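# Structure assessment
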Amino acid sequence: MDRIEELRLFLAAVEAGSLAAAGRRFGHSPPAMTRMLGALEERLGVRLLERSTRRLAPTEAGRRLAEQARRLLADYAEA
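Report follows, based on the coordinates. (Residues numbered from 1 in each chain as written. Predicted model: local features only at pLDDT ≥ 70, side-chain atom pairs only at ≥ 80, totals over all residues. Heavy atoms only, no water.)

### Some details on the environment of Leu-11
Heads up, the condition is: The numbering of helices and of strands both runs from the N terminus, where a helix is a DSSP run of H or I of at least 4 residues and a strand a run of E of at least 2.
Assignment of secondary structure puts Leu-11 in helix H1 (residues 3–16). Along the primary structure Leu-11 and Arg-63 are separated by 52 residues, whereas in three dimensions their C-alpha atoms are 9.6 Å apart.

Here is the structure:
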C-alpha cells in the first residue's frame, strides 16, 4: 500500500471514529485496516489511535498526523 493511501485511510478512520467504517468506505476489510494502522504506527514509532471495542480516538500524535494528512492530501489533490 502506498503512503498516500495509508494517510487517506488513517484520516478516514479518524473522521469516522471506526476502522471498520473507514474500511467500508474504501473497500477494505477490518483486518486489512488493522494491519495498515499497525504498520503505520510501527513505522512512525508512535501510537496514533486509542482503540476500544466501540470506537477509537486519536492520540496527540494521531491528531497531529491527521492535521498534516489533511493538508498533504488537499495539496496532492490540487496538484
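The discussion continues.
### Thoughts on the packing of H1 against helix H3 (residues 30–44)
Each packed pair of helices is defined by two parameters, the angle between the axes and the distance between the axes. Defined as follows: Angles run from 0 to 180 degrees between N-to-C directions of axes, and those axes are lines fitted to C-alpha atoms, restricted for helices to the stretch in contact. Any angle that is under 35 degrees is reported as roughly parallel, and any over 145 degrees as roughly antiparallel; angles of 65 to 115 degrees are reported as roughly perpendicular and all others as oblique. Handedness of a crossing is defined here by the sense of rotation of the near helix relative to the far one, left-handed for an anticlockwise turn of less than a right angle and right-handed for a clockwise turn. Contacts: residue pairs with any heavy atoms within 4.5 Å of one another. The classification used treats Ala, Val, Leu, Ile, Met, Phe, Trp, Tyr, Cys and Pro as nonpolar, Asp, Glu, Lys and Arg as charged, and all other residues, Gly among them, as polar.
Taken N-terminus to C-terminus, the directions of H1 and H3 make an angle of 110°; their axes are 10 Å apart at the nearest point. Considered as vectors, H1 and H3 are oriented roughly perpendicular to each other. Relative to H3, H1 is oriented so that their crossing is left-handed. From H1, Arg-3, Glu-6, Leu-9 and Phe-10 reach across to H3, where they touch Met-33, Met-36, Leu-37, Leu-40 and Arg-43. Counted by class, the contact of H1 with H3 contains six nonpolar, no polar and three charged residues.

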